[in-house]
Amino acid sequence: MDLEARSLQPNVKVVLLAKLREYKYDLNNLKSEHKRLASANSNQAARDDLLESGMADAMSVSANQRGRLMMSTERLNESSDRIKESRRTMLETEELGVSILQDLHQQRQSLLHANDTLHGVDDNISKSKKILTNMSRRMSRNKWIISSIIVVLIVTIALILYFKLSK
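Just so we're clear, the structure is a prediction, and the values are computed from it rather than from any experiment. (Residues numbered from 1 in each chain as written. Predicted model: local features only at pLDDT ≥ 70, side-chain atom pairs only at ≥ 80, totals over all residues. Heavy atoms only, no water.)

Caption draft 1: Quick peek at the overall build of the protein chain. Looking only at helices and strands, the protein chain features three helices and zero strands. Traced from its N-terminal end to its C-terminal end, the protein chain shows the element sequence α-α-α. For the protein chain, contacts bridging at least 24 residues in sequence account for 51% of all contacts bridging at least 6. Of the roughly 14,300 Å² that the protein chain leaves accessible, carbon and sulfur atoms contribute 62%. (Helix = DSSP H or I, 4+ residues; strand = E, 2+ residues; numbered from the N terminus. Contact = heavy atoms within 4.5 Å. Areas by Shrake-Rupley, 256 points an atom, 1.4 Å probe, with all protein chains shown as cover.)

The following block contains the structure:
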């Protein structure tokens, strides 16, 4: 996941690397808490054993030890459950992050494709505009040429009629 985040664009990369560092920090905190709780429970049980060895009544010591052992086991189980729940939450968050990254990648690809298409359309519109401008100029020039030819023909016909009628 770290490698994927590093290969993305800088603005996305910074955000994702920060989140990744937070998740790693949370994971390390949970691991250290688990170790601390496990060692505290084992140290407490050893200390209780040493202190209770001096007690005279074996029955009360045994019942007392059993009660403490049950409480320690229950606390350890609760801590283990919290760690499992935290791990499950972390995995769900990681899956969600991967899913979001995939969605963002697909959206980026779509935007890049749309951008390329837009540039292609823009180029085609520019070419079409040039062609239409050239056609308009040719049309205008052709109108002037035809008008000039018509005027010359009318003048020629008028001259011919003038010379034919004047004789």
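Caption draft 2: The arrangement of a nonpolar patch on the surface in detail. Together, Ile145, Ile149, Leu153, Ile157, Leu161 and Leu165 line one region of the surface with nonpolar side chains, adding up to about 610 Å² of accessible area. Tracing the sequence through the fold places leucine 165 in helix α3 (residues 58-166). The class for leucine 165 is exposed, based on a relative accessible area of 70%. (Patch = residues over 30% accessible without salt bridge, like charges linked within 9 Å, V, L, I, M, F, W, Y side chains within 5 Å. Salt bridge = Lys/Arg side-chain N within 4 Å of Asp/Glu carboxyl O. Buried < 20%, exposed > 50% of the residue type's maximum accessible area, 1.4 Å probe, protein only.)

Caption draft 3: Summary view of the environment of methionine 90. Tracing the sequence through the fold places methionine 90 in helix α3. Taking the relative accessible area as the measure of exposure, methionine 90 reaches 22% and is therefore partly exposed. Separated by 64 residues in sequence, methionine 90 and aspartate 26 place their C-alpha atoms 8.9 Å apart.

Caption draft 4: Fine view of the pattern of salt bridges. Using the criterion set out here, one finds three salt bridges in the structure. Among the salt bridges present, the one from arginine 82 reaches glutamate 33, with a minimum N-O distance of 3.8 Å. With arginine 82 in helix α3 and glutamate 33 in helix α2 (residues 10-52), the pair connects residues that are 49 residues apart, well separated along the chain. According to the relative accessible area criterion, glutamate 33 is partly exposed, its value standing at 31%. The closest approach of N and O atoms between arginine 88 and glutamate 92, which form a salt bridge, is 2.3 Å. Here arginine 88 and its partner glutamate 92 are both found in helix α3, four residues apart, which amounts to about one turn of the helix.

Caption draft 5: Summary view of the environment of isoleucine 83. Relative to the helices and strands, isoleucine 83 resides in helix α3. Along the chain, isoleucine 83 and leucine 27 lie 56 residues apart, while their C-alpha atoms are 9.6 Å from each other. Setting aside chain neighbours within four positions, we find isoleucine 83 in contact with Leu30 and His34.

So far we have only geometry, and geometry alone does not tell us how the molecule works.
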